[in-house]
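Coordinate inspection notes
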Amino acid sequence: VKYMTNEINEKITVANYLQKNNLFLYKLINKSSLSLFFKNLNVYKTNLVRIGGDNDGGYLIPNDLEGIKYCFSPGVADSIAFEKDLAKKNITSFLIDYSIEKLPEENKLFEFKKKFLGIKNNEKFITINKWIKESSFMNSNTDAILQMDIEGNEYEVLLDFEEVLMKRFRILVIEFHQFYDLTTPFGHKIIQAVFDKILQNFFIVHIHPNNLFPTMNVLGYEIPNLLEFTFLRKDRLKDKAFIKSLPHDLDKKNIDTNKEIVLPDYWYK
């Protein structure tokens, strides 16, 4: 196939043109697969509270913290508002991030390691299973919270997560990246596998789109690229009613200057 560029009077292949202009072609999944994914995204109603800051770094979680003594929080950067709020409730936070030398603020209830979360163990990385097993949490009979924001590595980490360890967590708060990839065959396969694994033992109780990037409309579905999901372990939810609308009254925009993203109801009904 030939393509005549406007910039120069020469013929080049489409592949070369795309490469030169940093453009890509990709295959879409069929609409029925996308529809099935949304059909399984039931969001259950529970009493939520906001933990952390008013914007990025703040999350809505179930008001079910009694008996939780630990939080595992991979991905720190410069924000520890979530962990500071938990410390006020006497919850110890284990934090890791290889990109920083130390925490932005010290606290007697913070335990920090300079590591990235990954699927191997070396000087730079540690697996979620090794990290948890080495912690004092393993000697307790309490539940924990997982708050994860690790810039796209969450998929491989969650697939590597031992189920027996995952079930010791009462609440999962996970920011999913590259959600546009849900529309491609390979991306859909990975994202579906992660959600299938989590939803065996957890209910979705909140979804909040991060408005750093706009949504992308694919096959009639609006897909944000960044999404914050809150999950609650199934044994903690007695009333199985679904929510009726989003956003929640406690939701805040991640980026004040960007337009708010309102999820269509197929994301939660």
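Each chain carries its own residue numbering, running from 1 in the direction its sequence is written. Where local features are concerned, this predicted model is filtered to residues with pLDDT of at least 70; where side-chain atom pairs are given and counted, the filter is 80 or more; whole-chain, interface and lining totals use all residues. Excluded from the side-chain calculation are hydrogens and water; included are all heavy atoms of the structure.

**Overview of the overall build of the chain**
Working definition: helices are DSSP H or I runs of at least four residues, strands are E runs of at least two. Numbering for both runs from the N terminus. Scanning the chain for helices and strands turns up seven helices and 15 strands. Only C-alpha atoms enter the radius of gyration; for comparison, a globular chain is expected to reach 2.2 Å times N to the power 0.38, where N is the number of residues. A compact globule built from 269 residues should have a C-alpha radius of gyration of about 18 Å, and the chain, at 20 Å, falls within 12% of that. Judged by the C-alpha coordinates and their principal axes, the chain covers about 70 × 45 × 35 Å. A burial count over the chain gives 48% of its 269 residues as buried. Looking at the chain alone, contacts between residues at least 24 apart form 66% of all its contacts between residues at least 6 apart. With the model as given, the accessible surface of the chain reaches about 14000 Å², and the carbon-plus-sulfur share is 50%. The charge count treats Lys and Arg as positive and Asp and Glu as negative. His and the chain ends do not count. Lys charges are placed at NZ, Arg charges at CZ, Asp charges at CG and Glu charges at CD. Here the chain contributes 36 positively and 36 negatively charged side chains, and the mean placements of these two sets differ by 5 Å. Burial classification: accessible surface area is computed with a 1.4 Å probe over protein chains only, and a residue below 20% of its type maximum counts as buried, one above 50% as exposed, and the rest as partly exposed. In this description, contact between two residues means that some pair of their heavy atoms is separated by no more than 4.5 Å. Each accessible area value is a Shrake-Rupley result obtained with a 1.4 Å probe; residue values ignore everything except the protein chains displayed when judging cover.

**Considerations on the pairing of strand 15 (residues 227-233)**
The buried count for strand 15 comes to seven of seven residues, which makes it a mostly enclosed element. Sheet topology places strand 11 (residues 169-176) next to strand 15; six bridges connect them, and they run antiparallel. Of the residues in strand 15, the one forming a bridge with Ile 174 is Phe 229. Paired strands, in this sense, are two strands between which DSSP finds at least two bridges. Direction of pairing for strand 12 (residues 202-209) relative to strand 15: antiparallel, over a ladder of seven bridges. Its bridge partner lying in strand 15, Phe 203 is registered against Leu 232.

**Overview of the nonpolar core**
Grouped together as the largest cluster of nonpolar side chains are 49 residues, with contacts concentrated most on Phe 72, Phe 176, Phe 179, Phe 229, Phe 231 and Trp 267. When sequence neighbours within four positions are dropped, the list of residues in contact with Phe 72 reads Phe 94, Trp 131, Ile 132, Ser 135, Phe 137, Ala 144, Ile 145, Leu 146, Gln 147 and Phe 169. Throughout, nonpolar core names a set of buried Ala, Val, Leu, Ile, Met, Phe, Trp, Tyr and Cys residues whose side chains join them through atoms within 4.5 Å.

**Some details on the side chain of Arg 233**
Inspection of the secondary structure puts Arg 233 in strand 15. With a relative accessible area of 11%, Arg 233 lands in the buried category. Not counting residues up to four positions away in its chain, the partners in contact with Arg 233 are Asp 143, Lys 167, Arg 168, Phe 169, Arg 170, Asn 201 and Phe 202.

**Some details on a nonpolar patch on the surface**
On the surface, a cluster of nonpolar side chains totalling about 260 Å² of accessible area is made up of Tyr 26, Leu 28 and Leu 219. Within the fold, Tyr 26 resides in the loop between helix 1 (14-20) and helix 2 (31-39). Of the residues examined, Tyr 26 reaches a relative accessible area of 46% and is grouped as partly exposed. Surface patches are drawn from residues lacking salt bridges whose relative accessible area is over 30%; two like charges belong together within 9 Å, two nonpolar side chains (Val, Leu, Ile, Met, Phe, Trp, Tyr) within 5 Å. Here, a salt bridge means any Lys or Arg side-chain nitrogen found within 4 Å of an Asp or Glu carboxyl oxygen.

**Concerning the packing of helix 2 against helix 7 (residues 185-198)**
Here, axes are lines fitted to C-alpha atoms. For helices the fit covers the stretch in contact, and angles between N-to-C directions go from 0 to 180 degrees. The geometry of helix 2 relative to helix 7 is characterised by a closest axis approach of 12 Å and an angle of 20° between their N-to-C directions. One way to sum up the angle between helix 2 and helix 7 is to call them roughly parallel. Classified by chirality, the crossing of helix 7 by helix 2 is left-handed. Contacts from Ser 33, Leu 34 and Phe 37 in helix 2 reach His 188, Ile 191, Gln 192 and Phe 195 in helix 7. Among the residues making up the contact of helix 2 with helix 7, the classes are represented as four nonpolar, three polar and no charged. When an angle is under 35 degrees it counts as roughly parallel; over 145 it counts as roughly antiparallel; between 65 and 115 it counts as roughly perpendicular; any other value is oblique. Rotating anticlockwise by less than a right angle from the far helix to the near helix defines a left-handed crossing, while the corresponding clockwise rotation defines a right-handed one. Gly is put with the polar residues, along with every residue not named as nonpolar or charged; the nonpolar set is Ala, Val, Leu, Ile, Met, Phe, Trp, Tyr, Cys and Pro, and the charged set is Asp, Glu, Lys and Arg.

**Focus: the confidence of the model for the chain**
A score from 0 to 100, pLDDT tells how confident the predictor is in each residue. On average, the chain scores 91 in pLDDT, and the residues at 70 or more come to 91%. Here residues 1-9 is a poorly scored stretch, pLDDT under 50, and it has 16 contacts once near neighbours within four places are set aside; other chains count.

**Side note on unusual backbone geometry**
Residue Pro 247 is bonded to the preceding Leu 246 through a cis peptide linkage, with omega at 5°. Examined against the element boundaries, Pro 247 turns out to sit in the segment after strand 15. In this structure, Glu 151 is a non-glycine residue whose phi angle is positive, near 55°. Here Glu 151 shows up in the loop between strand 10 (143-148) and helix 5 (154-160). Despite not being glycine, Gln 178 shows a phi value in the positive range, around 50°.

**Description of the environment of Cys 71**
By the secondary structure assignment, Cys 71 is in strand 5 (residues 68-74). The spatial distance from the C-alpha of Cys 71 to the C-alpha of Phe 110 is 9.6 Å, given a sequence separation of 39 residues. For Cys 71, the residues in contact, after removing those within four places along its chain, are Phe 82, Leu 86, Ile 91, Thr 92, Ser 93, Phe 94, Ile 145 and Gln 147.

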